[in-house]
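Here is what each chain is made of, one letter per residue.
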Amino acid sequence: MNNPSRAKSDVEKELDTNAAKEIKRHIKAEMLMHNVDMATVAERLTAMGRAISEQGLKNKISTCKHQTTWYWDLMKMIKGK
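If you're wondering where the values come from, they're calculated on a predicted model, not measured in any experiment.

What am I meant to see in the nonpolar core here?
The tendency in soluble globular proteins is for nonpolar side chains to be buried as a group. Grouped together as the largest cluster of nonpolar side chains are 16 residues, with contacts concentrated most on Ile27, Met31, Val41, Leu45, Leu57, Leu74 and Ile78. When residues of this core are traced back to their parent elements, those giving at least two are helix H1 (10-33), helix H2 (38-47), helix H3 (54-63) and helix H4 (68-78). Sequence-distant contacts of Ile78, defined by excluding residues within four places in its chain, comprise Ile27, Glu30, Met31, His34, Val36, Val41 and Arg44.

Just to check I follow, could you spell out the environment of Leu45 for this structure?
Here Leu45 shows up in helix H2. Using a relative accessible area of 0% as the deciding quantity, one classes Leu45 as buried. Once the C-alpha coordinates of Leu45 and Met77 are considered, the two residues, 32 residues apart in sequence, prove to be 6.3 Å apart. Other than its neighbours up to four places away in sequence, Leu45 contacts Arg50, Ala51, Ile52, Leu57, Trp70, Asp73, Leu74 and Met77.

Just checking my understanding: could you explain H1 for this structure?
Residues that lie three or four places apart on an α-helix share one face, since the helix turns once every 3.6 residues. Along its 24 residues, H1 runs 34 Å from first to last C-alpha, staying within 8% of the 34 Å computed at 1.5 Å per residue. Of the residues making up H1, those classed as buried are Ala20, Ile27, Glu30 and Met31. Within two residues after H1, Asn35 carries a phi angle of roughly 50 degrees, on the positive side.

The rules behind the values
Residues numbered from 1 in each chain as written. Predicted model: local features only at pLDDT ≥ 70, side-chain atom pairs only at ≥ 80, totals over all residues. Heavy atoms only, no water. Core = buried A, V, L, I, M, F, W, Y, C linked by side-chain atoms within 4.5 Å. Buried < 20%, exposed > 50% of the residue type's maximum accessible area, 1.4 Å probe, protein only. Helix = DSSP H or I, 4+ residues; strand = E, 2+ residues; numbered from the N terminus. Contact = heavy atoms within 4.5 Å. Expected span 1.5 Å × (residues − 1).

In structure tokens:
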């Protein structure tokens, strides 16, 4: 029986770690491609209703604990959409 409250397996932890590394690289690449910095992205996210400071954004990206929906909004704001 699969218990949803069980601890993550080593495989799941490794997958999360690898995904986190990819996500961080992707965010940085998108920011470079669209010529925006953390402060600008934080301002855009705040303006759309997802209040966050520049440091909060840096922390959220660094720890890679954001939800997929948050990530989607982050990408839209980096691209200026």
